[in-house]
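What the coordinates show
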Amino acid sequence: MDLSYTPEEEDFRARLRDWLAGVLPALPPKPSPDDWPGRRAYDLGWQRRLHDAGYADVHWDASPTLRLIFLEETERAGAPYVGANFVGLLHAGPTIAAEGTADQRARWLPPILRGEEVWCQGFSEPDAGSDLAALRTRARRDSDTYVVTGSKIWTSHAEVADWCELLVRTDPAAPKHRGITWLALPMDAPGVTVRPLRTLAGSAEFAEVFLDEVRVPVANRVGDENDGWRVTMVTLSFERGTAFAGEVVACRRVLGELAVEARKNGRWDDPALRRRLGRLNAEFRALWRLTQWNVSAAEASGGVPGTGGSVFKLRYSHARQELYDAAAEVLGPDCLDLDRPWALERLSSLSYTIAAGTSQVQHSIIAERILGLPKGR
C-alpha cells in the first residue's frame, strides 16, 4: 500500500500551512478551562474561521488523506482543537454524512461546519459498563415520535450541546444488538436534564443526562429502526480510526519537549529514561504510519474506517499512558504539581484505555473480526 502523498495533497498541505501562519497570531486568548460557555464560543469561533476559509468540510467532503493532512498540520501549528464540538465534527457529523438522508444531511451538517451547533454523545449508561449494547434507555413509538426514557453517563459536553447522538432500545424483545436505534436528540426538548460530572483532573466536560418521557421525532432517526447497532459501528469506526490522528502528532511533540526538559534538569543522564523515550519515539512513529494505513484503507473502501481502527486505538491508548508516565519520571516530584506541564494530561491519560471502547473490547474485536478467532462463551 502506497503511504506517500500526491503532489495535489502536498499542495493542500502548503496552502493550509500558509493560512494557519496568517490567522493564528490574530486569535483571541483562550478562555478559562472551567468557562464552558466561553470555551464553546471560542471553539465555534475557530470553526467559523475554518468555514470561511474553505476548510470546514475537510472532515466529510475531502478524502481521508486530506483529512489526515489537515489534522496533522493544525496540530503542528498549535491551532485550536475542535474542542466542544468534537462529537459533531468527528463522530456524529461523519456518521450523518455516511448514513443520513439528504434532508438530514442538509439540516445538521451545515450548522456543524459553520460553527453554529454543538453535539454530544449519549451512548454509555450507568448499568451497562463497557458493554454498550446492554443499554436500557427505552424509546416507545407513538405515531411520528419516539417517547424516550432512561439515562446516559459520560456524555461529553452535554451542558453546552444543542444535539445529542443518542442510542435507544426500540425493541426490548429483540437480541440486544438488534433492538437499538440511533436518534438525534434536541437537548432543549422537555424532559432532558443535564447534571455535570467532575473528573479526577478537576474538569467537568462530562455529564449525566436524564431523559423523562422525551419526545423525539421519527424524522430524527438515522438509519432504520432497530438498525442502530450497525450505524453505531460506523460512528465508532470514525472515533477509533481517525479522530485520534491529531493527538498522535501532539504526543510526538510532547515527546520532544520531554527530551528537552530532561536535558535541562539532568535526568537525561539516566540511560533507562533515554531508552524509554527512544522506544516511545519509535512507538509513535509506528502509530503515525498505522494511521496513514488506516486512512488509505478507508479511502479505498468508501471513506469509512475499518476494524484497523481498533488496532490503532488499543495501542495508542496504552502508548499515551506510557508517554505521560515518562513525563512523570522526567518531572520527578514536580509531577504532583498540577500547574506543571503534563501533570493534568497524565491524569486524563488514565481514561484512554476506557474511552471509545475499553482495551478489553478492542482485544475482542481484533480477535474476532481480524484474526477470525471464535467468540468467547
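Numbering of residues begins from 1 in every chain and follows the order in which that chain's sequence is written. pLDDT decides what is reported in this predicted model: residues at 70 or higher carry local features, side-chain atom pairs at 80 or more are listed and counted, and totals for whole chains, interfaces and linings draw on all residues regardless. Only hydrogens and water are set aside; all other atoms, that is, all heavy atoms of the structure, feed into the side-chain values.

Bringing the overall build of the protein chain into the picture now. For the protein chain, the count of helices and strands is 11 helices and eight strands. For each residue, the accessible area found with a 1.4 Å probe, counting protein chains only, is set against the maximum for its type, and the residue is called buried under 20%, exposed over 50%, and partly exposed in between. Relative to its 377 residues, the protein chain shows a buried fraction of 52%. Taking contacts inside the protein chain between residues at least 6 apart in sequence as the whole, the part at least 24 apart equals 73%. Exposure was quantified through the Shrake-Rupley algorithm and a 1.4 Å probe, taking into account, for residues, occlusion by the shown protein chains and nothing else. Here the protein chain has roughly 17,300 Å² of accessible surface; of this, 52% comes from carbon and sulfur atoms. Strands here are runs of E lasting at least two residues and helices are runs of H or I lasting at least four, both read from the DSSP assignment and numbered beginning at the N terminus. Throughout, a contact is declared for two residues whenever any of their heavy atoms are within 4.5 Å.

The next subject is the environment of G278. You can see G278 is positioned in helix α8 (residues 271-300). Judged by its relative accessible area of 39%, G278 falls in the partly exposed class. In sequence terms G278 and A259 are 19 residues apart; their C-alpha atoms lie 9.6 Å from each other.

Another aspect to go through is the nonpolar core. Only buried residues count toward a nonpolar core, which is a set of Ala, Val, Leu, Ile, Met, Phe, Trp, Tyr and Cys residues joined through side-chain atoms within 4.5 Å. Core analysis: the largest hydrophobic core is formed by 44 residues, its most contacted members being F12, W46, F70, L258, F284 and L323. Those elements that provide at least two residues to this core are α1 (7-23), α2 (36-53), α3 (64-76), α7 (245-265), α8 and α9 (308-331). Element by element, the count of residues in this core is highest for α9, at 10 residues. In terms of nonpolar packing, the next biggest core, distinct from the first, is built from 27 residues, W108, L113, W119 and F123 among them.

Given a helix with a known number of residues, its expected span is that number minus one, times 1.5 Å. Taking 1.5 Å of rise per residue, 12 residues should cover 16 Å, and helix α5 (residues 102-113) covers 16 Å from first to last C-alpha, within 8% of that figure. Those residues of α5 lying buried are Q104, W108, L109, P111, I112 and L113. Looking one or two residues past α5, G115 carries a phi angle of roughly 75 degrees, positive in sign.

On the secondary structure map, G246 appears in helix α7. Judged by its relative accessible area of 9%, G246 is buried. Residues G246 and E75 lie 171 residues apart in sequence; the distance between their C-alpha atoms is 5.9 Å. Sequence-distant contacts of G246, that is, excluding residues within four places in its chain, are made with L71 and E75.

Attention now moves to α2. Residue pairs three or four apart in sequence face the same way in an α-helix, which turns once every 3.6 residues. The terminal C-alpha atoms of α2, which comprises 18 residues, lie 26 Å apart, in line with the 26 Å expected from a rise of 1.5 Å per residue. For α2, the set of buried residues is W36, G38, R40, Y42, D43, L44, W46, Q47 and L50. Its buried side turned inward, α2 meets α1, α3, α4 (86-99) and α5. Nitrogen and oxygen atoms within 3.5 Å of one another constitute a polar contact, given that in protein one can donate a hydrogen and the other can accept it, and given that sequence-neighbouring residues count only through two side-chain atoms. Capping the start of α2, D35 holds a side-chain oxygen 2.9 Å from the backbone nitrogen of G38, two or three residues further along. In the segment just after α2, G54 is the residue with positive phi, at about 90 degrees.

Right, let's get into the packing of α1 against α3. Note on definitions: angles span 0 to 180 degrees between N-to-C directions of axes, and those axes are lines fitted to C-alpha atoms, for helices only across the stretch in contact. In contact at an axis separation of 10 Å, α1 and α3 are set at 30 degrees when each is read in the N-to-C sense. In terms of orientation, α1 and α3 fall into the roughly parallel class. With respect to the hand of their crossing, α1 and α3 are arranged in right-handed fashion. Residues E9, F12, R13, L16, R17 and L20 of α1 form the contact with α3, whose own contacting residues are T65, L66, I69, F70, E72, E73, T74 and R76. Any angle from 65 to 115 degrees is called roughly perpendicular, while one under 35 is roughly parallel, one over 145 is roughly antiparallel, and all others are oblique. For any pair of crossing helices, the crossing counts as left-handed if the nearer helix is rotated counterclockwise from the farther one by less than a right angle, and right-handed if it is rotated clockwise.

It is worth spelling out the confidence of the model for the protein chain at this point. The predicted structure's coordinates, where accompanied by low pLDDT, should not be read in detail. For every residue, the predictor assigns a confidence score, pLDDT, that lies between 0 and 100. Here the protein chain averages 86 in pLDDT, and 87% of its residues register 70 or above. Across the protein chain, the secondary-structure element scoring lowest on mean pLDDT is helix α11 (residues 359-370), at 68, and the one scoring highest is strand β8 (residues 221-222), at 98.

Time to look at the pattern of salt bridges. Whenever a carboxyl oxygen of Asp or Glu lies within 4 Å of a side-chain nitrogen of Lys or Arg, that contact is scored as a salt bridge. This model, assessed by the stated rule, comprises 28 salt bridges. Across the pair R48 and E116 runs a salt bridge whose closest N-O atoms are separated by 3.8 Å. Of the two residues, R48 is situated in helix α2 and E116 in the loop between α5 and β1 (119-122); the sequence distance between them amounts to 68 residues. Taking relative accessible area as the criterion, E116 reaches 37% and is therefore assigned partly exposed.

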